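Here are the chains, one letter per residue:
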Amino acid sequence: MLHVMSSAGASILGVGYLIPLAYLLWSLRYGQRAGPNPWGATGLEWQTPSPPPTHNFDRTPIVTEGRMPTQ
């Protein structure tokens, strides 16, 4: 009985790995390319190009406010 339960659990675990793998392969093949800022984030890390240059900014940015309003 324990072997049957172990096999059933392993099967469920295997399906749990296969479903995200199938989604990954599908999105690699048919998915849209994400833009430079797909979430519309306002943090400094999203203000640089990708891949980032050696020095992210020409001069050090000064943060004077908290979170910027979203679009």
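Here goes a summary of the coordinates provided. (Residues numbered from 1 in each chain as written. Predicted model: local features only at pLDDT ≥ 70, side-chain atom pairs only at ≥ 80, totals over all residues. Heavy atoms only, no water.)

### Quick word on the overall build of the protein
- Each helix and strand counted, the protein has one helix and zero strands in total.
- Relative to the globule expectation of 11 Å for 71 residues, the C-alpha radius of gyration of the protein, 22 Å, shows a markedly less compact shape.
- Out of the 71 residues in the protein, the part that is buried amounts to 1%.
- Accessible surface, the protein: about 7,200 Å² in total, of which carbon and sulfur atoms supply 62%. (Helix = DSSP H or I, 4+ residues; strand = E, 2+ residues; numbered from the N terminus. Rg over C-alpha atoms; globule rule 2.2 N^0.38 Å. Buried < 20%, exposed > 50% of the residue type's maximum accessible area, 1.4 Å probe, protein only. Areas by Shrake-Rupley, 256 points an atom, 1.4 Å probe, with all protein chains shown as cover.)

### What to know about the environment of serine 50
- Note that serine 50 resides in the segment after helix H1 (2–30).
- On the basis of relative accessibility, which here comes to 71%, the residue serine 50 falls in the exposed class.
- The spatial distance from the C-alpha of serine 50 to the C-alpha of asparagine 37 is 9.7 Å, given a sequence separation of 13 residues.

### Quick look at the side chain of threonine 48
- Among the secondary structure elements, threonine 48 is positioned in the segment after H1.
- Residue class for threonine 48 comes out buried when judged on its relative accessible area of 15%.
- Of the polar contacts made by the side chain of threonine 48, one reaches the backbone oxygen of glutamate 45; its length is 3.4 Å.
- If near-sequence neighbours (up to four positions away) are discounted, threonine 48 is found in contact with Asn56 and Phe57. (Polar contact = N/O pair within 3.5 Å; in protein donor to acceptor, adjacent residues only side chain to side chain. Contact = heavy atoms within 4.5 Å.)

### Observations concerning the packing of aromatic side chains
- One pass over the full model with this rule turns up two aromatic pairs.
- Note on tryptophan 26 and tyrosine 30: the rings are 5.9 Å apart at their centroids and 45 degrees apart in plane angle, and the pair reads as tilted. Linking tryptophan 26 with tyrosine 30, this pair stays in helix H1, spanning four residues, or about one helical turn. With respect to class, tryptophan 26 is no different from tyrosine 30; both count as exposed.
- Ring plane angle 70 degrees and centroid distance 5.5 Å describe the contact between tryptophan 39 and tryptophan 46, whose orientation is recorded as edge-to-face.
- A relative accessible area of 30% places tryptophan 46 in the partly exposed class. (Phe/Tyr/Trp six-rings, centres within 6.5 Å; stacked < 30°, edge-to-face > 60°.)

### Side note on the environment of proline 61
- Tracing the chain through its elements places proline 61 in the segment after H1.
- Each C-alpha atom of the pair proline 61 and methionine 5 lies 58 Å from the other, and the pair is 56 residues apart in sequence.

Honestly, it's all geometry; don't read function into it.
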